[in-house]
Amino acid sequence: MEHLQTQGISLPRLGLGTYRMQGDVCRAAVESALALGYRHIDTAEMYGNEDAIGAAIAAAGVARRDLHVTTKVWNENLAPDAMRRSFDASLKKLRLDHVDLYLVHWPAKNMNLPAMFETLLKLKQEGRTRAIGVANFNIALLKTVVEEIKAPIACNQIEYHVLLDQTPVRRSMAAKSIPLVAYCPLAQGRAASDETLMAIGRKHGASAAQVALKWLLDQDGVAAIPKASRAESQRANLDALNVGLDEEDIKAIAGLPKDKRFVNPGFAPAWD
């Protein structure tokens, strides 16, 4: 498994997304993924599944040093005291003494960026999170955070897949050496039935979803966190790492529509 090195952490480029997985289903999915070799688990306080993930991690017995866990603070809890309470609750549910990456889940219209990142930095300095980052931040917000506040941003987690062009934000992030973590990397399942991707997959003995995932992971500075509750899907996503796309494939994928956004970016004026 390849890793991205960012702000002192080593981020596995393929992780398990857990949005809309809860309870026993979530616990079983995380246990399955860890057994298959996944070492990057992504969650958030808003998902309501940190307790299930904590139970799965405890049961799996994977050495903590080998595991990467990301969680996120919801945008209603960005004031310093609220953020600390959220962080404490997340850590307790996850049954961990630290997380590897703590993200601001969504920007909020009235957020106080300096106060937010002062709090995040304190959590990092205390050793309770190894790195800090953001999700769903546009170019303008990233510029403010990195250039004015000078926060050590380890990643920006955004929607990115074969049907959505994120070139402007990706280039802006690359110039700042900030990795992109792609959520919805399979376009909420739509990649699996795309005729172009299916044709490419037939050429390589792979599925359309595997082609879509490998297209992302072939890009410098990009990681992906596909959601997969079944062991078969988790294994297939791991096997996508072995697909070899050629120039003809990349050209065909470039011809797909690139304006399909499936998650409302909310407060994101001038997103691109």
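Each chain has its residues counted from 1, following the order in which its sequence is written. Where totals are concerned, whole chains, interfaces and linings use all residues; where local detail is concerned, this predicted model gives features only for residues with pLDDT of at least 70, and gives and counts side-chain atom pairs only at 80 or more. Derived side-chain values reflect all non-hydrogen atoms in the structure, with water molecules and hydrogen atoms excluded from consideration.

Caption draft 1: Inspection of the packing of aromatic side chains at higher detail. Aromatic pairs are defined between Phe, Tyr and Trp rings, using the six-membered ring for Trp, whenever the two ring centres lie within 6.5 Å; interplanar angles under 30 degrees are classed as stacked, those over 60 as edge-to-face, and all others as tilted. One pass over the full model with this rule turns up three aromatic pairs. Arranged with centres 5.1 Å apart and planes meeting at 45°, the rings of Y19 and Y47 form a pair that is tilted. Of the two residues, Y19 is situated in the loop between strand 3 (16-17) and helix 1 (23-36) and Y47 in the loop between strand 4 (40-42) and helix 2 (50-60); the sequence distance between them amounts to 28 residues. Note on Y19: relative accessible area 37%, which makes it partly exposed. Strands are runs of DSSP state E lasting at least 2 residues, helices are runs of H or I lasting at least 4, and numbering of each runs from the N terminus. Each residue is assigned to one of three classes by its accessible area relative to the maximum for its type, calculated with a 1.4 Å probe on protein chains only: buried under 20%, partly exposed between the two thresholds, exposed over 50%.

Caption draft 2: Quick look at the pairing of strand 9 (residues 180-183). With burial as the criterion, each face of strand 9 is covered, one bearing L180 and A182 and the other bearing V181 and Y183. Paired strands are those between which DSSP finds at least two bridges. Sheet topology note: the strand 8 (residues 153-159)/strand 9 ladder contains four bridges and is parallel. Residue pairing in the sheet places N156 in a bridge with L180 of strand 9. With the strands pointing away from the viewer, any crossover whose connection runs clockwise from the first strand over the helix to the second is right-handed. Following the chain from strand 8 across helix 6 (residues 167-175) to the adjacent parallel strand 9, one finds a crossover that is right-handed. Sheet topology note: the strand 9/strand 10 (residues 222-224) ladder contains three bridges and is parallel. By the bridge assignment for strand 10, L180 is matched with V222.

Caption draft 3: Focus on the pattern of salt bridges. One speaks of a salt bridge when a side-chain nitrogen belonging to Lys or Arg is within 4 Å of a carboxyl oxygen belonging to Asp or Glu. Taken as a whole and judged by the stated rule, the model has 16 salt bridges. One salt bridge connects E147 with K143, and the closest N-O pair in it is separated by 2.9 Å. Of this pair, E147 and K143 both sit in helix 5 (residues 139-148), separated by four residues, roughly a single helical turn. On the accessibility criterion, K143 (43% relative accessible area) is partly exposed. Each of K203, D246, E248 and D249 takes part in a single network of salt bridges with overlapping partners.

Caption draft 4: Spatial organisation of the environment of A29. Within the secondary structure layout, A29 lies in helix 1. Residue classification places A29 among the buried residues on the basis of a relative accessible area of 0%. The spacing of A29 and V69 is 40 residues in sequence and 15 Å in space, taken between C-alpha atoms. The contact definition used throughout considers only heavy atoms, calling two residues in contact when any of these lie within 4.5 Å. Those residues in contact with A29 that sit more than four places away from it in its chain are L16, M21, A228, S229 and Q234.

Caption draft 5: Up close: the nonpolar core. Definition used in this section: a nonpolar core is a set of buried Ala, Val, Leu, Ile, Met, Phe, Trp, Tyr and Cys residues joined via side-chain atoms within 4.5 Å. F117, F137, L197 and I253 are the most contacted members of the largest nonpolar core, which has 74 residues in total. With eight residues, helix 8 (residues 208-217) is the largest single contributor of residues to this core. With 15 residues, the next largest nonpolar core counts L4, C184, A223 and V263 among its residues.

Caption draft 6: Focus on the environment of L217. Along the polypeptide, L217 turns up in helix 8. Exposure remark for L217: the relative accessible area of 6% places this residue in the buried category. Considering only alpha carbons, one finds L217 and N264, 47 residues apart in sequence, at a separation of 24 Å. For L217, the contacting residues outside a window of four places in its chain are R13, L14, V222, A223, A224 and L241.

Caption draft 7: Up close: the side chain of T18. Tracing the backbone through its elements, the reader meets T18 in the loop between strand 3 and helix 1. Setting aside residues up to four positions removed in sequence, T18 forms contacts with V30, I41, D42, T43, Y47, N49 and I53.

Caption draft 8: The arrangement of helix 8 in detail. Along helix 8, ten of the ten residues are buried, which leaves the element largely enclosed by surrounding structure. Check the buried side of helix 8 and you find it contacts strand 9, helix 7 (195-204), strand 10, helix 9 (231-239) and helix 10 (247-254).

Caption draft 9: Representation of the pairing of strand 6 (residues 101-104) in the model. Of the two faces of strand 6, the one lined by L101 and L103 and the one lined by Y102 and V104 are each fully buried. Looking at chain direction, strand 5 (residues 68-73) and strand 6 are connected through four bridges and run parallel. Residue pairing across strands places T70 opposite L101, the latter belonging to strand 6. Crossover strand 5 to strand 6 through helix 3 (residues 80-94) is right-handed.

Caption draft 10: Region of interest: the packing of helix 1 against helix 9. Direction vectors running N to C along helix 1 and helix 9 enclose 40°, while the axes themselves pass 10 Å from each other. Relative to helix 9, the element helix 1 is oriented oblique. The interaxial crossing formed by helix 1 with helix 9 has right-handed handedness. Here helix 1 contributes A29, S32, A33 and L36 to the contact with helix 9, which in turn contributes A231, Q234, R235 and L238. Interaxial angles span 0 to 180 degrees and are taken between N-to-C directions of axes, which are lines fitted to C-alpha atoms, for helices over the stretch in contact. Geometric relationships in this document are graded by angle, where less than 35 degrees denotes roughly parallel, more than 145 denotes roughly antiparallel, 65 to 115 denotes roughly perpendicular, and other angles denote oblique. Crossing handedness: left-handed means the near helix sits turned counterclockwise from the far one by under a right angle, and right-handed means the same turn made clockwise.

Caption draft 11: Highlighting the sheet that holds strand 9. Ordered in space as 3-4-5-6-7-8-9-10, the eight strands form an open sheet in which the pairing is parallel. Strands at the two margins of the open sheet, each flanked by one partner only, are strand 3 and strand 10. In the sheet, strand 4 pairs with strand 5 via three bridges, with the strands oriented parallel. Among the inter-strand pairings, I41 is bridged to a residue of strand 5, identified as V69.

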